[in-house]
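Chain by chain, the residues run as shown.
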Amino acid sequence: MQEESCQTSVDLSRIAAIAGRYKDEPDQLMRILLEIQSCCGNSIPREAATVISSVTGIPEAKIWGYITFYAMFSDKPRGKYIIRMCKSAPCHIVGAQAVAQAISEYLGIAPGETTEDGMFTLEYCECIGMCDTAPAIMINDSVHSGLTPESAVELIKSYQQGGAE
Amino acid sequence: MMQETRIALRFVGKYNPDSIEEFCALGGYEGLRKAVEMGQKNLIQEVSDASLWGYGGAAFPTGRKWSVVAATKGKQKYVVCDADEGEPGTNKDRVIMTGDPHSLLEGMAIAGFAVGADMGYIYLRYEYPQLFPVLEKAIDDARKAGYLGRNLFGSKFCFDVKVVSGGGAYVCGEETALLESIEGKRGEPRYKPPYPSEAGLFGCPTVINNVETLAIVPSIVLNGGNWYASIGIGHHHGTKVFTLSGNLVNRGVYEYPRGITLRQLIEDVGGGCPDGHRLLGVQTGGASGNIISVDMIDFPMDVEDCAAAGATFGTGDIMVFDDTQDVLEIVENLLEFFTHESCGKCTPCREGNTRLLQLIRKIRRGDGTMEDLDTLQDLCQTMKDCSLCGLGQASPTPVISTLKNFRNVYLNKIERGGKE
Ligand SMILES: Cc1cc2nc3c(=O)[nH]c(=O)nc-3n(C[C@H](O)[C@H](O)[C@H](O)COP(=O)(O)O)c2cc1C
Ligand code: SF4
Ligand code: FES
């Protein structure tokens, strides 16, 4: 699996550097963790909690409790692109299931899985605030709405070709 | 289509959010200037006169909330903007922040002046990452132009704003969970009292308001509270931004005077159901709002009228579904949402939503009994009465309302094992 390398000592020092920048600012824990996650292959390695704890003084168990509370964090390695498919009611009633199924079939993975090449992780998510143009998905930080099964597959293809970011 | 009355959306689409100069040319930050000139007391009076009720879902009078925080002693006070907008079916705050971030900042600074706070936070949901830089740029521009920072308009008043990100938890929209989250903790709601107005962020007196509520404030200051109160239709006060979603021709975000009827919103504004389908029902107010049937939609959209009609005003969502939809499938979907988003702190909500979901699935499979309907009803009541926060208290609403308004659908499933 790609990005395993985030657990090397080099990356641990990078984690320490990020945590150090926000030291003594409790309102910045989310930002620290989001930055760490984005530079560690879209996941937070277990060791990160130890490092952040030693830099910030926040107990390790509190940090781990925090990470596991919020849906956007993962302790398992994920792909380069996280595809989050909205399944909330306003999307559901205008065809979100068909869109999700088309993406899932095209990539050959179920929600919760990552493609073998480490490109895509598929997840379900709740409302992403695009209900008035549903169905909608997020691919990393980009939002795409007004999808049909066909246009969703075309969209994924454009990511595969490196054309979209 | 009826003409909109845009107040929360006053400048959306009218200026480039990158340009504070364009905002100021439209009269931006004049409300803040006027607020500082008129003084705390008069300012809070105008907001009270406006009958501005919070638009984050709970409809608490904004003027009253501000006067409590203003009267509470504290060296440090905060203004927190709830921009977590996690309610399925609500897009309005995104539209406001995308198109007019400065009116939000102006509203926050006015709130800060009113209550004596010098620091504001915007808690922005994770799912709006594109808005993070937009807001940070707006804050930076406002600082450089002298609308945020120290000694504003030559007065003693200082105010600054920080944006913090959520982590993808719906419950963090609940005001005390939100405060916990900003403080670097798990987003679990607090026991109340103490209320945030007394002991909020980092234990300090705190005003928490929704994006829409705050974005309206500058217009109220400029034009007067009575002006805003007089806008509603008939005896209704003010405007509301509605999000129309589901099986509608014209889905979207629209602002209308309060008192517009639900039928007008669905038929005139929303254009009815597409592809010649018939309207079956509508959920108003958000995922935890009441689900009502097509014959119930002739009432004015306002807090009390919605309650009287068995609907919900909430955040102004209107999720419409047509006759191709299965009501119980929608209820199951909503319960999946609440089961997933329950923070687990209290038992009625954590266990209750899971049990409701199991029962609805059982009934949908055709294995339900009449006894199950009684169990559903009992469990819903327990959750309403005993849950710690609004999530658990309101999550049974779709079940309770469909048991009443779509009872035949349940009975049909039970009597015929679901076979039509
Ligand atoms: C589960 C739950 C989620 C909520 N989500 C939001 C939200 O996303 N945005 C919001 O403004 N208020 C939300 N609220 C309401 C807030 O707790 C609070 O009442 C509101 O932000 C106060 O602002 P207002 O007076 O301007 O409406 C939520 C409440 C509950 C119980
Ligand atoms: S009602 Fe639900 S969300 Fe609220 S505190 Fe209890 S478990 Fe958490
Ligand atoms: S329900 Fe999917 S974006 Fe809101």
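Rules and cut-offs
Residues numbered from 1 in each chain as written. Chains lettered and ligands numbered in written order. Predicted model: local features only at pLDDT ≥ 70, side-chain atom pairs only at ≥ 80, totals over all residues. Heavy atoms only, no water. Pairing = 2+ DSSP bridges. Helix = DSSP H or I, 4+ residues; strand = E, 2+ residues; numbered from the N terminus. Axes fitted to C-alpha atoms, helices over the stretch in contact; angles between N-to-C directions. Near = heavy atom within 4 Å. Nonpolar A, V, L, I, M, F, W, Y, C, P; charged D, E, K, R; others polar. Buried < 20%, exposed > 50% of the residue type's maximum accessible area, 1.4 Å probe, protein only. Contact = heavy atoms within 4.5 Å. Salt bridge = Lys/Arg side-chain N within 4 Å of Asp/Glu carboxyl O.

Engineer: How should I be thinking about the sheet that holds strand 4 (residues 206–210) of chain B in this particular structure?
Structural biologist: Pairing between the strands of a sheet is mediated by backbone hydrogen bonds and can be parallel or antiparallel. All names here are of chain B. Pairing is parallel across the open sheet formed by 4 strands, whose spatial order is 3-2-1-4. Here the strands that pair on one side only, and so sit at the sheet edges, are strand 3 (160–165) and strand 4. With strand direction ignored, the average angle separating the axes of adjacent strands in the sheet is 20°.

Engineer: Just checking my understanding: could you explain the site of ligand 2 for this structure?
Structural biologist: Taken together, 13 residues lie around ligand 2, and Cys-343, Cys-346, Cys-349, Cys-389 and Gly-392 of chain B are the ones closest in. Residues of the shell around ligand 2, tallied by class, amount to 8 nonpolar, 4 polar and 1 charged.

Engineer: Quick question: what am I supposed to make of the side chain of Ser-74 of chain A here?
Structural biologist: All names here are of chain A. Residue placement: Ser-74 occurs in the loop between helix 4 (60–69) and strand 1 (81–86). Since its relative accessible area comes to 12%, Ser-74 is described here as buried. Beyond its immediate stretch of four places on either side in the chain, Ser-74 contacts Gln-37, Asn-42, Ser-43 and Ile-44.

Engineer: Any chance you could explain the sheet that holds strand 4 (residues 142–145) of chain A here in plain terms?
Structural biologist: All names here are of chain A. Pairing in this open sheet of 4 strands is mixed, and the strands run 2-1-3-4 from one edge to the other. Each end of this open sheet is capped by a strand with a single partner; those strands are strand 2 (120–125) and strand 4. The average angle at which neighbouring strand axes cross in this sheet is 20°, direction not considered. Examined bridge by bridge, strand 1 and strand 2 share 6 bridges and lie parallel to one another. Its bridge partner lying in strand 2, Arg-84 is registered against Glu-123. The sheet strands contacting helix 6 (residues 96–107) are strand 1, strand 2 and strand 3 (136–139), and the helix crosses strand 1 at an angle near 150°. The sheet strands contacting helix 7 (residues 149–160) are strand 1, strand 2, strand 3 and strand 4, and the helix crosses strand 3 at an angle near 10°.

Engineer: Help me understand the pattern of salt bridges in this model?
Structural biologist: A side chain with one charge can pair with a side chain of the opposite charge if their charged atoms come near. By the definition in use, this model includes 42 salt bridges over all chains. Here Lys-185 of chain B and Glu-180 of chain B are joined by a salt bridge, their closest N and O atoms 3.9 Å apart. Glu-188 of chain B is the partner of Arg-186 of chain B in a salt bridge, and the nearest nitrogen-oxygen pair spans 3.3 Å. Given a relative accessible area of 32%, Arg-186 of chain B falls into the partly exposed group. Residue classification places Glu-188 of chain B among the partly exposed positions, given a relative accessible area of 23%. Bridged by salt links that share partners, the residues Lys-87 and Glu-126 of chain A together with Asp-326, Glu-329, Glu-332, Glu-336, Arg-361 and Arg-364 of chain B form one connected network.

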